[in-house]
Amino acid sequence: MLPLRLEDVAVTFPGLSAPVLNIPVLEIAPGERVAVTGPSGSGKSTFVNIITGLERLKCGHARWGDIDLASLPEGRRDRWRGENIGLVMQDFHLFPGLSAFDNVLLPARLAHAADRQRLDRARALLETVGIARHDQKVETMSRGEMQRVAVARALLREPAIIVADEPTASLDSDAGAIVGELLLQLAKSLGSTLIVVSHDERLVAPMARRISLLSGAIAADERKD
Amino acid sequence: MFRFIFSDLKRLWAGSAVIVLLIALATALGVTITLQERALRLGSARASEKFDLVIGAPGSETQLVLSSVFLQPSDLPLMDGDLLPELNADPRVAWAAPIGFGDSYAGYPIVGTTTALINATVPGFAEGEIFVHEGDAVIGSAVDLAVGSEIKPMHGAAETGGHTHTELAYHVTGRAEPTGTPWDRAILVPIQAVWHIHGLGAGDHHDEEGADHDDEADHDHGPDNHASEEHDEHDGHHHEGAAASAPIDEHWHHGETPGLPAILVKPKSISDAYRLRQDYREADGTVAVFPAEVLTRLYATLGDARQVLTAIAIGAQVLIAAALMLVTVIHVSQRRREIGALRAFGAPRSAVFAIVWLELFSLVGLGIAIGYGAGFIAARMISQSIMAERGVNMPVGFAGSDIASALVLLAVAALLAALPAFLAYRQPPAAALKG
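Computed from a prediction, not measured in an experiment: that's the story for all the values here.

1. Examining the confidence of the model for chain B
Residues and elements named next belong to chain B.
Okay, so step 1: The predicted model of chain B has a mean per-residue pLDDT of 80, with 87% of residues at 70 or higher.
Okay, so step 2: Across residues 203–240, where pLDDT falls below 50, the model places 62 contacts with residues more than four positions away in sequence or in other chains.
Okay, so step 3: Here the prediction assigns the complex a pTM of 0.69, and the interface score ipTM is 0.84.

2. Section: helix 1 (residues 44–52) of chain A
Because an α-helix completes one turn every 3.6 residues, residues spaced three or four positions apart along the sequence face the same direction.
Residues and elements named next belong to chain A.
Okay, so step 1: Counting buried positions along helix 1 yields 9 of 9 residues, so the element is predominantly enclosed.
Okay, so step 2: Inspection of helix 1 places K44, S45, T46, F47, V48, N49, I50, I51 and T52 among the buried residues, and these make up the whole buried set.
Okay, so step 3: Backbone geometry just after helix 1 places G53 at a positive phi near 80°.

3. Considering the sheet that holds strand 4 (residues 61–64) of chain A
Within a beta sheet, neighbouring strands are joined by backbone hydrogen bonds and run either parallel or antiparallel to one another.
Residue and element names in this part refer to chain A.
Okay, so step 1: Taken in spatial order, the 4 strands make up an open sheet running 2-1-4-5, and their pairing is antiparallel. Each edge of the sheet is formed by a strand with only one pairing partner; in this case those strands are strand 2 (21–28) and strand 5 (67–68).
Okay, so step 2: Across 2 bridges, strand 4 lies against strand 5 in antiparallel orientation. Note that in strand 5 the partner of W64 across the bridge is I67.
Okay, so step 3: Strands in contact with helix 1 are strand 1 (4–11), strand 2 and strand 4; relative to strand 1, the strand with the most contacts, it is inclined by about 125°.

4. Side note on the interface of chain A and chain B
Okay, so step 1: Counting residues at the interface gives 22 residues for chain A, matched by 20 residues for chain B.
Okay, so step 2: For the side of chain A that touches chain B, the elements supplying multiple residues, two or more each, are helix 2 (74–84) and helix 3 (100–110) of chain A.
Okay, so step 3: Here the side of chain A that touches chain B is built from residues that sort into 9 nonpolar, 5 polar and 8 charged.

5. Examining the sheet that holds strand 9 (residues 209–214) of chain A
All names here are of chain A.
Okay, so step 1: Taken in spatial order, the 6 strands line up as 6-7-8-3-9-10 in an open sheet, and their pairing is mixed. Across the chains shown, the open sheet's two edge strands, defined by having one partner strand only, are strand 6 (85–89) and strand 10 (217–223). For this sheet, the mean inter-axis angle between neighbouring strands, taken without regard to orientation, is 15°.
Okay, so step 2: Taken together, the 4 bridges between strand 3 (residues 33–37) and strand 9 define a ladder with parallel strand orientation. In the sheet register, A35 faces strand 9, and the bridge partner there is R210.

Thresholds applied
Residues numbered from 1 in each chain as written. Chains lettered and ligands numbered in written order. Predicted model: local features only at pLDDT ≥ 70, side-chain atom pairs only at ≥ 80, totals over all residues. pLDDT = per-residue confidence, 0-100. Contact = placed C-beta atoms within 7 Å. Buried ≥ 20, exposed ≤ 12 C-beta atoms within 10 Å, placed from the backbone. Helix = DSSP H or I, 4+ residues; strand = E, 2+ residues; numbered from the N terminus. Pairing = 2+ DSSP bridges. Axes fitted to C-alpha atoms, helices over the stretch in contact; angles between N-to-C directions. Nonpolar A, V, L, I, M, F, W, Y, C, P; charged D, E, K, R; others polar.

Dropping the structure here:
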């Protein structure tokens, strides 16, 4: 179980005077369910990039347990992310031409981590997210089905952390509700930390904690009792 | 990984097919030039290997070889016929045989020669036997006639206004085994018959025809030089020396042998060959050549042309490689998000490099393989066409150097494919995901 601690995080982009993300301290406990909200340009995407190691922090620290992502070289950050983070994105990022089953397994296969156990888990996850035809090509699926395949892929390696960046933004409300429910349910079953970046109130509402960003800074950090 | 690459190529099949086709065409161009040039060298070398030393009248050495070895129609000047008995009496000569051209039948050249030359140059007879009478003829393996056929020779060729000789009809007595040379498309007859049919040689009425013969002795019986003068001659009288049933006589005597365009000489030893060449090169009224040596000089000239063609082929390959680099770099930049996603989901950078490299290299490798196959087939088709038209067997085949060239080509392709792969490898995932 990995707690997150951000310290003195300041992300600046060339040409901008103010940092796009400025967080002196933020802690998220293992297993916590956190919603990150904020208007466009508030720094949500940068927040996701920093906590997942997609972007290397030049100023400050992003620690998951003992690992400071700011100090890891790119290759090790990729490996660490593959092993510890399940990432769900707004645009699904599935690979056309491959079946749902192959899409779920692709990152693990490329990382040489697709053993027999994972193959069985991929099938089980597809059943759990309601995809009956595992060999169906993803480009022939509805958007809701695609996102459910993406959720299954994110959870294949039983990650300690699940990060979902606007997972329901491209879905209709029914499909969005199903995906939101799945994320909560699967994170709970794994005991994973769930961080959801979203505008969708129906997705944000069930979260135990809500962090609001505004102009790169934490404007509010509320916990439900 | 391979499944991903395969599905990617399948999805982008049209673009992939165009890339493979372009590479295949560029490769095939170079391969065809290389194989064809080699086939030409091998084929012509094989065609001339039985022709140790050729003696003719002074003139173009290349033309002498092309006419005598490759039976290319031309106006060869004639040399003194006494040379034939002189050579046959020379202790350095195993045998010397005249080669007389000028007549044809159905597009096949009729060559007057001797049994010695036929026995020495053909591996045997597929049917029948060698000529024994003046009116007998032996056909090459590629002549579309049957043993037993009658042949009415035409002076020159039909397309150059030749006329049919009425003095003699040859009777085909045998078909030679294939030699892979232009002689497979030739009709071989006794030289004696050729002389007689043209009113030359021993036994003819020299007193009556002396004037004509003096004229004729200045030229061979090429297709171009006789149209008008021969008509006059034939209009004026008939040659009566040709007798189909007369036995052939291959004993030559001074003063009785007509002028000859070429004599093939089989020396007894290599040193004899060099001495004979020396003697007849320096003698008045003759030139002596080793066909292989003349062909080597010809190859040197052709080599320049080959270099130009090869340079054009390499230029085409470089242009296509540059175009492909552009296409692949654009392709990789268009797939930034896909590459970024792979990285985001935990695929190692090395896997991303391998995917892009393998995808491109498999297309290039396939193109090169198809190009080699297509180049081979094209060279074979050209060779078969030349074989059918000229009778020269031009063997097309890959050599060790071709494998080395293919490996070099693949190594260059591997390096070029590494560039877009490296670009993909270097892309930070967050930037790539933004597209």
